[in-house]
Structures are given as structure tokens and as C-alpha cells.
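Listed here are the chains, written in short residue letters.
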Amino acid sequence: MFVAPQVQAESITNALASAYRSNSQLNAQRASTRAVDEGVARAKSGYRPQITGDADFGAISSSSNRGGSNDFNPYGYGITIVQPLFDGFQTLNNVAAAKAQVGASREQLRNTEQTVLQNAASAYVDVLVSQELLSIRRQNRLFLAEQVRSSNARLEVGEGTRTDVAQSQAREAGARALISSAEADLAAARATYFQVIGRQPSNLRFPKGPTRLYPRNLTAALEQGIGQHPAVRQAQYGVDAALFNVKVQQGTFLPTVSLRGNAQSRFNSGGDGSRSQQSSATVNLSVPIYQGGAASANVREAKELLAQSRIQVNQARDQVRAAILSAWAAIEAARSNVSANNTAVRAARLALSGAIEERNVGQLTQLDVLNAQSTLLDSQIQLLTARRTQVVAGYALVASVGNLNSAKLRLAVRHYEPKEHYEAVKDKWYGLRTPSNR
């Protein structure tokens, strides 16, 4: 006897791991974070010498009134080295600002990871809900088709009316139309699942939600979210970067000091095959006196941007607070709704069974049976919606306090560490290839 192989169910944890590895939005943000790391190496270049080489080749032709002429080709080459000694602390503050921007980009990456994992959880549940809703719609259509058959049979024996038949047919036709809509919704949900998670859904099972990561109470949730949410921390790093940028702009009013070394070799400068060499070393001091007002405008602009970044911290905290309160309320409501709708479904099934029996003995009409079936259908859909809300709001709550990440969820993946790339490039003096050899 042939036994079909058992298809292993894909848990929501496996789906989230797939999204963590392959989601294009998350991978793009990782690349963006790596690009921001290069800002530190670029800022540190202000400490290092600038070396340039130059060469020239010329053609000179001269003649005299005596009819003589002299044609020759002078040429030469040289090297210049400029080593900054003091630049008004601009490089120091540029490096500090670049490091703050690295911190902000890592928090943005954390936030993107949360968004992707939350979207993946929603996509997982939406496929399940769409599948269940389609099944409910089909069961409803089969029931109504049976009511059409039953109404016709009772009409033939004189126990029913044409009105009963018409009412049953109308409900059955409406059920068929709703099946088409449910099929379209399932196709859309599967497409979203593939987009977010990176593969087609197969043999899913309804999850319980990340209850292990729930804060113990609303107060603890607010404290965690406001203190550690990546959006808040990103805004705080933005304040640091803006503050250092103010100092950079103020540094343009200070003098700069640099050491300049130069070596030149010249050949055939007078057409006589001569050769000369020259080298020099100078210390240059430059004192800004007036820059036309541009430097002052830059300082004022940087101060306004600093004020803006401080306001954005408060804005991020307000958004996190609102998200926590919304998710907490949604979970509480969903728990009550699941319990109430479970009771409603059981009661509606009993009511439908009773309505059918009473119709068969002439105490209720066919319309009463159809209405009882509609009530059961509504209760089933409301229960399904409440179960979805309970799971999705759970992931939203964990994200709103900043804990929706691969480590906290214990996903079976190699956790991405942005620090590895940063350590590889922060002190690079030269090299065109990235640490990944691109």
C-alpha cells in the first residue's frame, strides 16, 4: 500500500528565519549600513598626508635677428606631500560625527529588521487566515447548495414555497461570489508572503504569537520601548552627530597649520642639457579673517539642525509610546474577542441545528434557517479575525519595545553583525575592494 510522504509543517519561526536571510529590504539596509561605515575612514583621512606627483614636458622654439634659432624640450617631475598639523579640530569632530552616524545607521538597521520580521509574521498569518476564510466560504456555499436542493424537494411535495427556493438560490449565488473574492484574497496573501519571506507558503500552522517576549505589564513595556527602541536610539545618535557638526563648522574660524614638502627635478631647462634638483619643506599657517559670511551661515544652519534633531528624539518617543499603547490594547481586546467569538460560534451552531429541526416540523421558515447560517458564518469570520489580531498585535507589541530581532526570537540563522564590517574598514588607508572582496 502506498503511503504519501508526510509534509513537514513550516512554522512561523522558520518563515521568519527565511525572511531574515533573504528579504531584499533588509539586505539593502545592511548594504547601506556598510556604506555609512566608510564615513569614519573618510573622516580620518584628515589626519593623514596628501601626496601628489606631477610631471611636465614642453617644446620651446626661439629665433634671433641674426637668423639663428634654438629649439629644445624642457621637462621635469616632482612630488608634493602635505601633512595637516592642526585644522581647528575639524577632523577630530568629523570623526566623532561619523562614528555617531555609524551608530544611527545600526539602529536604523535594527528598526528595518523589526519591520521586516513584523511584516513576515503578518504575511504568515494572513495566508492562514485567507486559507481558513476560503474554506469557511466553501463550506457555506455547500450548505446553501443543499438548502436549494432541500427547498426544491419540499416544494415538489407541497411542504415549501417558491419563495423558499428563491431565497435559498439568492444566498447560494452570493456565496459563490464571495468564494471568488476569497480566492483572490488568498492569491494576494501568498504573493505578499513570497515577497517578504522569499518562498512560497506550504503547510502552515496557526502560531500562538511571541508571548515569551511580552513585557510583564504596560508600564514595563513603556519603559523598555522609550529606553531601547531603535527609532529612539537612532534619533539620539542623530543629536550627537548634529552636535559634532556644529563644532566642525565652528572650527572653520580657527587657524590651520600644515607641513608641506616638495621635491622637483628639471631637465634641459635652457636647451643645454642641464639638470637641476630642488627640494623644500615649509610650515604653513593660515588664519581666516573674513569668509564673506558663509562660515557664519554654516554655523547657524548647524545649530538649527541640532535643534531639529533634539525635537526628533521627542517625536520618536511619542511614536513608540503610541505604538505600545495601540498594540497592548489590541492584544487585550483580541483575547476577549477570541473567547467571546468561540462561545458565539458554538451557540450559532446549536441555533442552526435547532432552526433546521424546527423548520422540518413547520415551526420555523426556510428564511430562519438561512439567517441562522448567516449568523454562524459571521461568528466564524469574527473569530478568525480576532485570532489574527491577537497574533499580529503580539508581534507588533514586541517590535514596539524594540525586542523583535533574530537573537530574541532565537531564529536558526547566522546573526548579522554590523560591527565586523566596521572594524575591517574604519582604519583603512588604501584599498578599492570591500571586505567581502567586491
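Just above sits the structure.
Only a predicted model underlies this, so the values are computations on that prediction, with no experimental measurement involved.

Asker: Any details on the overall build of the chain? Residues and values, ideally.
Answerer: Helix and strand counts for the chain come out as 10 helices and six strands. For the chain, whose C-alpha radius of gyration is 37 Å, the value lies well above the compact-globule estimate of 22 Å for 438 residues. Dimensions of the chain, computed from the C-alpha atoms along their principal axes, are close to 140 × 55 × 50 Å. Burial analysis of the chain (438 residues in total) assigns 37% to the buried set. In the chain, 82% of the contacts between residues at least 6 apart in sequence involve partners at least 24 apart. About 24,500 Å² of surface is accessible on the chain, with carbon and sulfur atoms providing 52% of the total.

Asker: Residues and numbers for helix α10 (residues 418-425), please.
Answerer: Every buried residue belonging to α10 is among Pro418, His421, Tyr422 and Val425, and all of these are buried. Buried residues along α10 cover an arc of 100 degrees about the axis, so they all sit on one side. Taken together, the buried residues of α10 touch α2 (24-44) and α3 (90-156).

Asker: Tell me what's going on with α3, and back it up with residues and numbers.
Answerer: Given a rise of 1.5 Å per residue, 67 residues ought to cover 99 Å, and the 96 Å separating the end C-alpha atoms of α3 matches this to within 8%. Backbone geometry just after α3 places Gly158 at a positive phi near 85 degrees.

Asker: How would you sum up the sheet that holds strand β4 (residues 75-86)? Please name residues and give values.
Answerer: Spatially, four strands are ordered β1-β4-β5-β6 in an open sheet, and the strand pairing comes out antiparallel. Because the sheet does not close on itself, it has two edges, and the strands there are β1 (50-57) and β6 (275-286). The average angle at which neighbouring strand axes cross in this sheet is 15 degrees, direction not considered. Pairing between strand β5 (residues 256-267) and β6: 12 bridges, direction antiparallel. Note on β6: the bridge partner recorded for Gln264 is Gln278.

Asker: Help me get a handle on the pattern of salt bridges, residues and values and all.
Answerer: With the rule as written, the count across this model stands at 14 salt bridges. Residues Arg199 and Glu10 are paired through a salt bridge, measuring 2.2 Å at the closest nitrogen-oxygen approach. On the criterion of sequence distance, the pair formed by Arg199 in the loop between α4 (162-197) and α5 (218-228) and Glu10 in the segment before α1 (12-22) is long-range, its members being 189 residues apart. Note that Lys426 and Glu423 form a salt bridge whose closest N and O atoms lie 3.2 Å from each other. Judged by relative accessible area, Glu423 falls into the partly exposed class, the value being 40%. Bridged by salt links that share partners, the residues Glu107, Arg110 and Arg233 form one connected network.

Asker: Could you give an account of the side chain of Arg359, naming the residues involved and the relevant values?
Answerer: With respect to the helices and strands, the residue Arg359 is situated in helix α7 (residues 294-360). The side chain of Arg359 is buried and forms no salt bridge, while Glu146, the nearest opposite charge, is found at 7.5 Å. A polar contact of 3.0 Å, which involves the side chain of Arg359, links it to the side chain of Asn360. Of note is the side chain of Arg359, whose polar atom sits 2.6 Å from the side chain of Gln366. What Arg359 contacts, discounting residues up to four positions off in sequence, is Gln147, Ser150, Arg154, Leu364, Thr365, Gln366 and Val369.

Asker: So, the packing of aromatic side chains: which residues are in play, and what are the values?
Answerer: Between two aromatic rings, the relevant description is the distance of the centres plus the angle of the planes. Scanning the model with the defined rule gives five aromatic pairs in all. A centroid spacing of 6.4 Å and a plane angle of 35 degrees characterise the contact between Tyr124 and Tyr193, whose relative ring orientation is tilted. With a gap of 69 residues between them, Tyr124 in helix α3 and Tyr193 in helix α4 connect regions that are remote in the sequence. In this structure, Tyr124 and Tyr193 share a single accessibility class: buried. The ring of Tyr20 has Arg30 sitting right over it, with the charged end atom 4.7 Å from the ring centre. One Lys or Arg, Arg387, reaches over the ring of Phe206 and ends 4.1 Å from the middle of that ring.

Asker: Tell me about the environment of Ser24, residues and numbers included.
Answerer: Note on placement: Ser24 falls in helix α2. Look at Ser24 and you get exposed, because its relative accessible area is 55%. Between the C-alpha atom of Ser24 and that of Ala348, which follows or precedes it by 324 residues, the distance is 45 Å.

Asker: A description of unusual backbone geometry should follow, citing residues and the corresponding values.
Answerer: Negative phi is the rule for most residues except glycine; trans is the rule for most peptide bonds. In the Ramachandran plot, Phe89 falls in the positive-phi region, its phi being about 65 degrees despite a non-glycine side chain. Here Phe89 lies in the loop between β4 and α3. Notably, Arg410 is not glycine yet its phi reads approximately 60 degrees, a positive angle.

Conventions we followed
- Think of each chain on its own: its residues are numbered from 1, step by step along the sequence as written.
- A pLDDT threshold of at least 70 governs which residues receive local features in this predicted model, and a stricter bar of 80 or more applies before side-chain atom pairs are shown or counted, although totals over entire chains, interfaces and linings include all residues.
- Excluding hydrogens and water, the side-chain figures rest on all heavy atoms present in the structure.
- Helix numbers and strand numbers start at the N terminus; a helix is a DSSP run of H or I with at least 4 residues, a strand a run of E with at least 2.
- C-alpha atoms define the radius of gyration, and 2.2 Å times the number of residues to the power 0.38 defines the globule rule.
- To sort residues, take the accessible area from a 1.4 Å probe on protein chains only and compare it with the maximum for the residue type: under 20% means buried, over 50% means exposed, and anything in between is partly exposed.
- By definition, residues are in contact when any of their heavy atoms lie within 4.5 Å.
- To be clear on the numbers: accessible area is Shrake-Rupley with a 1.4 Å probe, and residue cover counts the displayed protein chains and nothing else.
- Working note: the arc is built from the helix axis to C-beta atom directions.
- A helix is expected to span 1.5 Å for every residue after the first.
- Think of it this way: DSSP has to see at least two bridges between two strands before they count as a pair.
- Helix axes are fitted to C-alpha atoms over the stretch in contact, other axes to C-alpha atoms as well, and angles between N-to-C directions run from 0 to 180 degrees.
- The term salt bridge refers to a side-chain nitrogen of Lys or Arg lying within 4 Å of a carboxyl oxygen of Asp or Glu.
- When charges are counted, Lys and Arg are positive and Asp and Glu negative, with His and the chain ends excluded.
- We call two N or O atoms a polar contact when they sit within 3.5 Å, provided that within protein one can donate a hydrogen and the other can accept it, with sequence-adjacent residues counted only if both atoms are side-chain atoms.
- In this scheme Phe, Tyr and Trp rings, the latter by its six-membered ring, pair at centre separations within 6.5 Å, and the angle between planes marks the pair as stacked below 30 degrees, edge-to-face above 60, and tilted otherwise.
- Placement of a positive charge over a ring is assigned whenever Lys NZ or Arg CZ falls within 6 Å of the ring centre and within 35 degrees of the normal to the ring plane.

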